[in-house]
Amino acid sequence: MIQIHADVKHHYEGKSVVDVDASYESGKLYAILGPNGSGKSTLLRILSFIEEPDTGGVDFVESGRPLIKDIQLKHRIVMVPDRRGLFNDTVLENVQYGLKVRKISKSERSVIAEETLETVGLLDKQKVNALVLSNGEAQRLCLAMALAVSPEIILLDEPTASLDPYNAAMVEDIIKDMKSRVQLVLLVTHNMFQAERLSDIVTFMYEGRVIETSETRKFFKSPESIHAREFLKGETVY
Amino acid sequence: MLQQAFSKAFTLILGIDQSLFEIVFLSLKVSGLALLIATIIGFAITIILELFKSPFKGITVTIINTFTGLPPVVVGLGLYIILSRSGPLGFLSLLYSPAAMVIAQVILAVPIVASVSHAAVSSTGNSVRQTALCLGATRFQAISAVLLDARYSLMASVINAFGRVMAEVGAVLIVGGNIAHYTRVMTTAIAMETDRGDFELAIALGIILLALSFCINLFFYSMQRKGAKR
């Protein structure tokens, strides 16, 4: 059972500041909800070690013991890559990348990769170059790349952005299925309906700060903060 | 006259003329070695530029881009001064040697390799590096992934540099001296034979130079076509 405690301050996009003090517990799917520019993606990048915060840090605790931030811990946490960053190689090679980094043997790699591609419905595309996939297929491949390494924590940043409803539904199904495979899922989205459909807990962010964290049902029924209420009503909070 | 020159040129090529093949072999040796060294240095520059966020990155890239247009005679002159007996590296006694020619070609090729490869890597490099980092790669593994991903564009940088070093005459003439059986390469031999009026050998060398460039470029092109999707 892993817990994350983040207490960070970080400048992003030139002048804005992410100032977050938050905890995430395993066994849950958190939706980090908020308008564009509220610092959601920056927070996710800090949690996944891709960006170093200006001050403060992120602590990972397992069964009451703090974990050392080494490569082993890094390998337990995966952020689903962006579609624009797919490798100029076959779908199969793309899925195997995380396994190669973890020094998994070649034979094991191809078995895992094929299994994972089957779960996202891309097994028939394994020999195709990843750069010619449609948006929906590319997004499913990105999810497969993350799932293939069997992470304990998965971080997703707007996984259904610019997808049509059919592909968005497919991606959401894969995310729902993640709950049974992964200890902790953090999903960044500005889509409140998606947050309601998928998450157990909603963390609402506004102007770089976590304004409210509550159970999804409660958040959507009676949000505590004015900003969250306005956001849910579709009123401008920018 | 031209027809006669061409027919003699083909006789020289088909007859496997000793002196002709000596010149061709030295050309390939000097340019091949220079290209290898320039590729290593050029890729290293690209890696350093990508790996470290430096405030001098912009100016460094501008300087490298400027150096892609270095006039070979200027490089030859500069290197001549440095390698001449009274120059700072005169004690190495490298002037008028194949080594000096390799150095000159490396100086000319490095900016081309670095400039083209950096342009290739910086266009898609950031998103590919992010993907590698997302999946648990170290910084070094992420840079390797970027280079591997841009392999076809990196190959283009080597092709460009190859064209430059194979066609180059000014610098190798100054620092090599066009010494028979020692530093005479195809381009310097063509220049000399043209001066002397021996067009047959000059044309024969010209044909070989073009044919070699064509074959090598064809090889690179077929490799690029195989996998390039970006």
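### Observations regarding the overall build of chain A
Working step 1: When its secondary structure is counted, chain A shows 9 helices and 10 strands.
Working step 2: Relative to the globule expectation of 18 Å for 238 residues, the C-alpha radius of gyration of chain A, 18 Å, shows essentially globular dimensions.
Working step 3: Based on the C-alpha atoms only, the size of chain A along its principal axes is roughly 55 × 40 × 35 Å.
Working step 4: Residue burial in chain A is summarised as follows: out of 238 residues, 53% are buried.
Working step 5: Contacts in chain A between residues far apart in sequence, at least 24 positions, make up 67% of those at least 6 positions apart.
Working step 6: Accessible area of chain A: about 11100 Å², with a carbon and sulfur share of 49%.
Working step 7: Of note, chain A has its 29 positive side-chain charges centred 1 Å away from the centre of its 35 negative side-chain charges.

### As for empty space enclosed by the protein
Working step 1: Here the structure, examined in full by the defined rule, presents 2 cavities of 30 Å³ or more.
Working step 2: As a volume, the largest cavity reaches approximately 70 Å³.
Working step 3: Lining the largest cavity are 13 residues, with B:Ser27, B:Ser31, B:Gln105, B:Met166 and B:Val185 sitting closest to its centre.
Working step 4: Contributions of two or more residues to the lining of the largest cavity are made by helix 2 (18-51), helix 5 (98-134), helix 7 (151-167) and helix 9 (186-196) of chain B.
Working step 5: With 3 residues, the top contributor of residues to the lining of the largest cavity is helix 2 of chain B.
Working step 6: Here the lining of the largest cavity is built from residues that sort into 8 nonpolar, 4 polar and 1 charged.
Working step 7: Every residue lining the second largest cavity is listed: A:Ser48, A:Lys74, A:Ile77, A:Val78, A:Met79, B:Leu133, B:Cys134 and B:Gly136.
Working step 8: Of all elements in the fold, only strand 6 (77-79) of chain A together with helix 5 of chain B reach the threshold of two or more residues within the lining of the second largest cavity.

### Regarding the sheet that holds strand 4 (residues 55-62) of chain A
Residues and elements named next belong to chain A.
Working step 1: Taken in spatial order, the 4 strands line up as 2-1-4-5 in an open sheet, and their pairing is antiparallel. The outermost strands of the open sheet, each flanked by one partner alone, are strand 2 (16-25) and strand 5 (65-66).
Working step 2: Alignment of strand 4 against strand 5, held across 2 bridges, turns out to be antiparallel. Of the residues in strand 5, the one forming a bridge with Val-61 is Pro-66.
Working step 3: Packed on one face of the sheet, helix 1 (residues 40-47) meets strand 1 (2-12), strand 2 and strand 4 and runs near 125° to strand 1.

### Some details on the sheet that holds strand 6 of chain A
Residue and element names in this part refer to chain A.
Working step 1: Read across the sheet, 6 strands follow the order 6-7-8-3-9-10 without closing on themselves; strand pairing throughout is mixed. Here the strands that pair on one side only, and so sit at the sheet edges, are strand 6 and strand 10 (209-215). Across the sheet, the mean angle from the axis of one strand to that of its neighbour is 15°, orientation sign disregarded.
Working step 2: Strand direction decides the pairing type here: strand 3 (residues 29-33) and strand 9 (residues 201-206), joined by 4 bridges, are parallel. Bridge pairing in strand 9 places Tyr-30 opposite Ile-201.

### Details of the packing of aromatic side chains
Working step 1: With the rule as written, the count across this model stands at 8 aromatic pairs over all chains.
Working step 2: Through a chain of ring-to-ring contacts, three or more aromatic side chains come together here, namely A:Phe204, A:Phe219, A:Phe220 and A:Phe231.

### Some words on the interface of chain B and chain A
Working step 1: Facing 21 residues of chain B, the contacting portion of chain A comprises 27 residues.
Working step 2: Together chain B and chain A conceal approximately 1800 Å² of surface at their shared face, both sides included; 57% is due to carbon and sulfur atoms.
Working step 3: At the junction of chain B and chain A, the tally comes to 1 salt bridge.
Working step 4: Put simply, A:Asp89 and B:Arg151 hold a salt bridge, and the shortest N to O gap is 3.7 Å.
Working step 5: Seen at the junction of chain B and chain A, the total is 10 residue pairs in polar contact (both at pLDDT 80 or more).
Working step 6: Listed by contribution, the elements that provide at least two residues to the side of chain B that touches chain A are helix 5, helix 6 (139-149) and helix 7 of chain B.
Working step 7: Broken down by element, the residue count for the side of chain B that touches chain A peaks at 7 residues, all from helix 5 of chain B.
Working step 8: Broken down by class, the residue content of the side of chain B that touches chain A amounts to 10 nonpolar, 7 polar and 4 charged.

### Section: the confidence of the model for chain B
Working step 1: Here chain B averages 89 in pLDDT, while 97% of its residues score no lower than 70.
Working step 2: Scoring of the predicted complex yields 0.81 for pTM and 0.90 for ipTM.

### Brief notes about the environment of B:Met223
Residues and elements named next belong to chain B.
Working step 1: When you line up the elements, Met-223 lands in helix 10 (residues 199-227).
Working step 2: By relative accessible area, Met-223 is classed as partly exposed at 31%.
Working step 3: With residues near it in sequence (within four places) discarded, Met-223 still touches Tyr-152 and Met-155.

### Notes on the pairing of strand 10 of chain A
All names here are of chain A.
Working step 1: Bridge analysis of strand 9 against strand 10 gives 6 bridges, and the strand direction is antiparallel. When the bridges of strand 10 are listed, Tyr-206 appears paired with Arg-209.
Working step 2: A loop of 2 residues connects strand 9 with strand 10, the two strands running antiparallel in sequence, and Glu-207 in this loop sits at a positive phi of about 50°.

### Overview of the side chain of A:Gln139
Residue and element names in this part refer to chain A.
Working step 1: Within the secondary structure layout, Gln-139 lies in helix 5 (residues 135-147).
Working step 2: By relative accessible area, which is 5% here, Gln-139 ends up buried.
Working step 3: Each residue touching Gln-139, except ones within four places of it in the same chain, is listed here: Val-80, Arg-83, Pro-159, Leu-163 and Val-171.

### So, the environment of B:Ser31
Residue and element names in this part refer to chain B.
Working step 1: Tracing the chain through its elements places Ser-31 in helix 2.
Working step 2: Remark: the alpha-carbon pair of Ser-31 and Val-185, spanning 154 residues in sequence, is separated by 9.7 Å.
Working step 3: Once residues lying within four places of it in the same chain are set aside, the contact partners of Ser-31 are Gln-105, Val-165 and Met-166.
Working step 4: A polar side-chain atom of Ser-31 sits 3.2 Å from a polar atom in the side chain of Gln-105.

### Some remarks on the pattern of salt bridges
Residue and element names in this part refer to chain A.
Working step 1: Here the structure, examined in full by the defined rule, presents 16 salt bridges over all chains.
Working step 2: Glu-51 is the salt-bridge partner of Arg-45, the closest N and O atoms lying 2.7 Å from each other.
Working step 3: With relative accessibility at 23%, the residue Arg-45 sits in the partly exposed group.
Working step 4: Assessed through its relative accessible area of 22%, Glu-51 is described here as partly exposed.
Working step 5: Among the salt bridges present, the one from Asp-200 reaches Lys-179, with a minimum N-O distance of 3.4 Å. Here Lys-179 lies in helix 6 (residues 165-181) and Asp-200 lies in the loop between helix 7 (192-198) and strand 9, a separation of 21 residues in the sequence.

Cut-offs used in this document
Residue positions are given per chain, counted from 1 along the sequence in the order it is written. Each chain gets a letter, beginning with A, and each ligand a number, beginning with 1, in the order they are written. Confidence filtering applies because this is a predicted model: local features only for residues at pLDDT of at least 70, side-chain atom pairs given and counted only at 80 or more, and all residues used for totals across whole chains, interfaces and linings. Only heavy atoms go into the side-chain values, all of them from the structure, while hydrogens and water stay out. Working definition: helices are DSSP H or I runs of at least four residues, strands are E runs of at least two. Numbering for both runs from the N terminus. Only C-alpha atoms enter the radius of gyration; for comparison, a globular chain is expected to reach 2.2 Å times N to the power 0.38, where N is the number of residues. Relative accessible area decides the class of each residue, using a 1.4 Å probe on protein chains only: under 20% of the type maximum gives buried, over 50% gives exposed, and in between gives partly exposed. The contact criterion used throughout is that any non-hydrogen atoms of two residues lie within 4.5 Å. Residue-level accessible areas treat just the shown protein chains as cover; the underlying method is Shrake-Rupley with a 1.4 Å probe. The charge count treats Lys and Arg as positive and Asp and Glu as negative. His and the chain ends do not count. Where a charge sits is defined by one atom per residue type, namely NZ (Lys), CZ (Arg), CG (Asp) or CD (Glu). Using a 1 Å grid laid over the protein atoms alone, points where a 1.4 Å probe fits but cannot get out form a cavity; open sets with protein on both sides within 12 Å along at least 5 of 7 lines form a pocket; any residue with an atom within 4 Å of a point counts as lining. Grid points are joined across faces, edges and corners, and a volume is the space filled by probe spheres set on the points. Note on residue classes: Ala, Val, Leu, Ile, Met, Phe, Trp, Tyr, Cys and Pro are nonpolar, Asp, Glu, Lys and Arg are charged, and everything else, Gly too, is polar. Here, a strand pair is defined by DSSP locating no fewer than two bridges between the strands. Lines fitted to C-alpha atoms define the axes here, with helix axes fitted over just the stretch in contact, and angles between the N-to-C directions of these axes take values from 0 to 180 degrees. Side-chain rings of Phe, Tyr and Trp, where Trp is taken by its six-membered ring, are said to pair if the distance between their centres is within 6.5 Å; with planes under 30 degrees apart they count as stacked, over 60 as edge-to-face, and otherwise as tilted. Each of two parts loses accessible area, computed with a 1.4 Å probe, when they are put together; buried area is these two losses added. In the sections that follow, a salt bridge refers to a side-chain nitrogen of Lys or Arg positioned within 4 Å of a carboxyl oxygen of Asp or Glu. As used in this structure description, the phrase polar contact means that two N or O atoms lie within 3.5 Å; if the pair is within protein, one of them must be able to donate a hydrogen and the other to accept it, and residues adjacent in sequence are counted only when both atoms belong to side chains. The score called pLDDT rates the predictor's confidence residue by residue, from a low of 0 to a high of 100.

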